[in-house]
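# An overview of the molecular structure
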Amino acid sequence: MGSSDRLFNRQRSVHEILGGGLVADVILWRMKNLTVGILLVTLAAWLVFERSGYTLLSLVSSVFLLLIAILFLWAKSAAILNRPAPPLPELHLSEEMVNEVSTFIRLRVNTLLSVSQDIALGKDSRLFFKVAACLWLIAFVGGLTDFLTLGYTSLVVILTVPAIYERFENHIDKYVILGYKKLQQLYVKLDQECVSRVQKWILEKKKLS
C-alpha cells in the first residue's frame, strides 16, 4: 500500500509512530500477556475504587502495609523455625526499560512544548483552534464522568484502538480517505454556492446604489 493511500500520506508504520519500543509493543499487543495484565489490573483497581470508596493513597498504603507485615512475620518466623526466607524476586528496573520509557516521555514532552510555543506565539491559527476544540471536548467529557472512570476508559481506548487499526489498516484507510474526499467535494460545492450567492448579492447592491 503506497503512502498516498494511507492516512496523512504517512510512510511509517503504526509501530514506528508509537516509538517502536516497549510501549509500542504493549499498545499493539506484541506482548499480549503484559497488555492483558495491565487491563486486568486496571479493571480490578477501578472496581475496587468504585465499590469500596477507597482513595488511591489509602488503598496503596493499606496494600503495602499488609504486604510488608506478611513478609516481616514470614521472615521472622522462618528465622526462628529454621525455614527458608520468603522467595522474593530481585526488585530491579533494567537500564534498557528505563531508557525506553524516558526517551518516549522526552519525545512526547518536547513535542507538546513545541506545539505550545507555536500556539502561544500565534504561529499556527489552525492548530490553536484544533487544540482549543480538544480541550473543550476533554472538559465536556470530564463534566459527564469522574476522573477515575475517564482514566480507565482512556487506557482501554489506548490499548485497543491502535491495535485494531494496525490489524485492519488497509480497510480503515481506504474508507476514511474515501469519506474525506467526499467531504472535500461537498465543501467545495457548498463554498462555490456561498461565493456565488455573495457575489450576486454584491452585484445587486451595486446596481441598487
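Preceding this paragraph is the structure being described.
This write-up is about the structure you can find in this document. (Residues numbered from 1 in each chain as written. Predicted model: local features only at pLDDT ≥ 70, side-chain atom pairs only at ≥ 80, totals over all residues. Heavy atoms only, no water.)

Moving on to the overall build of the protein chain. If you tally the helices and strands in the protein chain, you get 8 helices and 0 strands. Of the regular secondary structure in the protein chain, the N- to C-terminal order runs α-α-α-α-α-α-α-α. Taking 209 residues into account, the globule formula puts the C-alpha radius of gyration at 17 Å, and the protein chain, at 27 Å, lies well above it. Dimensions along the principal axes, computed over C-alpha positions, put the protein chain at roughly 105 × 40 × 35 Å. Residues classed as buried in the protein chain amount to 13% of the 209 residues present. Carbon and sulfur atoms provide 67% of the accessible area of the protein chain, an area that totals close to 17,100 Å². In the protein chain, which carries 23 positive and 17 negative side-chain charges, the distance between the mean positions of the two groups comes to 8 Å. (Helix = DSSP H or I, 4+ residues; strand = E, 2+ residues; numbered from the N terminus. Rg over C-alpha atoms; globule rule 2.2 N^0.38 Å. Buried < 20%, exposed > 50% of the residue type's maximum accessible area, 1.4 Å probe, protein only. Areas by Shrake-Rupley, 256 points an atom, 1.4 Å probe, with all protein chains shown as cover. Lys, Arg positive; Asp, Glu negative; His and termini not counted. Charge placed at Lys NZ, Arg CZ, Asp CG, Glu CD.)

On to the packing of helix α3 (residues 32-52) against helix α7 (residues 147-167). It is the contact of α3 with α7, at a shortest axis distance of 10 Å, that shows an interaxial angle of 165°. Judged by the angle between their axes, α3 and α7 are roughly antiparallel. Here α3 runs over α7; the crossing is left-handed. Contacts between α3 and α7 involve T35, I38, L39, T42, L43, W46, F49 and E50 from the first element and L148, T149, Y152, L155, V156 and L159 from the second. Grouping the amino acids of the contact of α3 with α7 by side-chain chemistry returns 10 nonpolar, 3 polar and 1 charged. (Axes fitted to C-alpha atoms, helices over the stretch in contact; angles between N-to-C directions. Parallel < 35°, antiparallel > 145°, perpendicular 65-115°, else oblique. Left-handed = near helix turned anticlockwise from the far one by under 90°. Contact = heavy atoms within 4.5 Å. Nonpolar A, V, L, I, M, F, W, Y, C, P; charged D, E, K, R; others polar.)

So, on to the side chain of T35. Structurally, T35 is set in helix α3. One polar contact links the side chain of T35 to the main-chain carbonyl oxygen of V26, over a distance of 2.7 Å. Here T35 is in contact with V26, W29 and L159, once residues within four sequence places are set aside. (Polar contact = N/O pair within 3.5 Å; in protein donor to acceptor, adjacent residues only side chain to side chain.)

Take the nonpolar core next. Proteins that are soluble and globular tend to have nonpolar side chains buried together. Ranked by size, the top nonpolar core spans 10 residues in total: V14, L18, L22, A24, V26, I27, L28, L39, L159 and Y165. Of all the secondary structure elements, the ones that give two or more residues to this core are α2 (22-27) and α7. In contact with L39, not counting residues within four places along its chain, are W29, Y152, V156 and L159. (Core = buried A, V, L, I, M, F, W, Y, C linked by side-chain atoms within 4.5 Å.)

Throughout the structure, instances matching the rule amount to 1 salt bridge. A salt bridge links E166 to R30, with the shortest nitrogen-to-oxygen separation between them at 2.6 Å. Of the two residues, E166 is situated in helix α7 and R30 in the loop between α2 and α3; the sequence distance between them amounts to 136 residues. Take R30: its relative accessible area is 45%, and that puts it in the partly exposed class. (Salt bridge = Lys/Arg side-chain N within 4 Å of Asp/Glu carboxyl O.)

Glancing now at the environment of I172. Within the secondary structure, I172 sits in helix α8 (residues 169-208). Discounting chain neighbours no more than four positions away, the residues touching I172 are I164 and Y165.

Right, let's get into α3. Quick reminder: α-helices carry 3.6 residues per turn. Residues three or four places apart thus point the same way. With 21 residues, α3 ought to run about 30 Å at 1.5 Å a step, and its terminal C-alpha atoms sit 30 Å apart, in line with that. For α3, every residue scored as buried is listed here: T35, L39, T42 and F49. Viewed end-on, α3 has its buried residues packed into an arc of 100°, placing them on one side of the element. Away from its buried face by more than 90 degrees, α3 exposes K32, N33, L40, V41 and R51. (Expected span 1.5 Å × (residues − 1). Arc of directions from axis to C-beta.)

So, about the packing of aromatic side chains. Counted according to the given criterion, the structure contains 3 aromatic pairs. Seen in terms of ring centroids, W46 and Y152 are 5.6 Å apart; in terms of plane orientation they differ by 15°. Their pairing is stacked. Of the two residues, W46 sits in helix α3 while Y152 sits in helix α7, which places them 106 residues apart along the sequence. (Phe/Tyr/Trp six-rings, centres within 6.5 Å; stacked < 30°, edge-to-face > 60°.)

Distances and angles like these do not, on their own, reveal function.
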